[in-house]
Amino acid sequence: MIGTKQHGGEGGWSERQIAYYRARAGEYDDSYSDRMPMPQLAHVLDGLPIRGDVLELACGTGQWTRLISDRVRSLTALDAAPEMLSAARERMHGTATRFIEADVFSWEPDRQYDTIFFAFWLSHVPPVEMEAFWDLLRWTLTPGGRVVFLDDAPAKAEIEEGVAEAQVPTVRRRLADGSHHLAVKVLRDAAALTLQLRDLEWEAQVESIDRYHIAGVARPWTSE
């Protein structure tokens, strides 16, 4: 298997990103109330091919896990932050959801899935990891499987504080307690991302939902 073993690179960006989301877990859902047009995004989600045995990457507190749970045969949700997973487990109490605590950049799957879904995660994958990350997804899909995702569009740069000296595209975030944290943030244009995935040998359709969000469906090329 081709994984993403060189996670973090120089400067430990992955570790910093995990630390941020661990610290943010208690206020994470506030962003859905304050900044996310959930009814609109949930409507878009209804039209995406999320079915079968599903793996959700970076599930956070389970906001999206809950929305897709009644459409799937089985659901596995992965996140690197135990505090996030604790909230997700509580939200999904009474369901058969399987939870995995792992950093996707060093994780090795133990099975394959019909659908891999992630919401607002791809923008946290730095350019240096894109090829290895999509190789991991390819290995983790069943034949004929699909990757489905939602994410931020480049216009979201208006509300981000970039860190110019960072080795990978990085933003600075402040939490309610006044602490500052760093996270990878790569705002990819729908058309450019489609072309990049084609170069990585994926058949992809990535579209703008609105000025601030994109949605994509991708499946790996198959040899004839």
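Computed from a prediction, not measured in an experiment: that's the story for all the values here.

Visitor: Where do I start with unusual backbone geometry in this structure?
Guide: A negative phi holds for most residues other than glycine; trans holds for most peptide bonds. Unusually for a residue other than glycine, Ala58 sits at a positive phi of about 55°. Note that Ala58 resides in the loop between β1 (53–57) and α4 (63–68). Since its relative accessible area comes to 26%, Ala58 is described here as partly exposed. Non-glycine residue Phe120 carries a positive phi angle of around 60°. Among the structural elements, Phe120 can be located in the loop between β4 (113–119) and α6 (130–140). Exposure remark for Phe120: the relative accessible area of 11% places this residue in the buried category.

Visitor: How should I be thinking about the side chain of Arg188 in this particular structure?
Guide: In this fold, Arg188 is placed in the loop between β8 (180–184) and α7 (190–199). Among buried charged residues, Arg188 stands out as having no salt bridge; its nearest opposite-charge side chain is Asp151, 6.2 Å away. Side-chain polar atoms of Arg188 contact the backbone oxygen of Val125, separated by 2.8 Å. Excluding its chain neighbours within four sequence positions, the residues that come into contact with Arg188 are Leu122, Ser123, Val125, Pro126, Pro127, Met130, Asp152, Pro154, Leu193, Gln196 and Ile214.

Visitor: Is there a simple way to think about the nonpolar core in this case?
Guide: A general tendency of soluble globular proteins is for nonpolar side chains to be buried together. Leu57, Phe118, Phe133 and Trp134 are the most contacted members of the largest nonpolar core, which totals 36 residues. Listed by contribution, the elements that provide at least two residues to this core are β1, β4, α6, β5 (141–152), α7, β9 (202–210) and β10 (213–220). Element by element, the count of residues in this core is highest for α6, at five residues. Setting aside residues up to four positions removed in sequence, Leu57 forms contacts with Leu78, Val104, Trp107, Ile116, Phe117, Phe118, Phe133 and Leu137. Counting 17 residues, the second-largest nonpolar core is a separate cluster that includes Met38, Ile68, Leu75 and Leu150.

Visitor: Where do I start with the pairing of β4 in this structure?
Guide: Within a regular strand, side chains alternate between the sheet's two faces. The element β4 is largely enclosed, with a buried count of six among its seven residues. Where β1 lies against β4, three bridges are found, and the strand directions are parallel. Within β4, the position partnered with Glu56 by the bridge is Phe117. Where β4 lies against β5, six bridges are found, and the strand directions are parallel. Within β5, the residue paired with Tyr113 across the bridge is Leu141. Remark: the β4/α6/β5 crossover connection has right-handed handedness.

Cut-off values and rules
Residues numbered from 1 in each chain as written. Predicted model: local features only at pLDDT ≥ 70, side-chain atom pairs only at ≥ 80, totals over all residues. Heavy atoms only, no water. Helix = DSSP H or I, 4+ residues; strand = E, 2+ residues; numbered from the N terminus. Buried < 20%, exposed > 50% of the residue type's maximum accessible area, 1.4 Å probe, protein only. Lys, Arg positive; Asp, Glu negative; His and termini not counted. Salt bridge = Lys/Arg side-chain N within 4 Å of Asp/Glu carboxyl O. Polar contact = N/O pair within 3.5 Å; in protein donor to acceptor, adjacent residues only side chain to side chain. Contact = heavy atoms within 4.5 Å. Core = buried A, V, L, I, M, F, W, Y, C linked by side-chain atoms within 4.5 Å. Pairing = 2+ DSSP bridges. Right-handed = clockwise from strand over helix to strand, strands pointing away.

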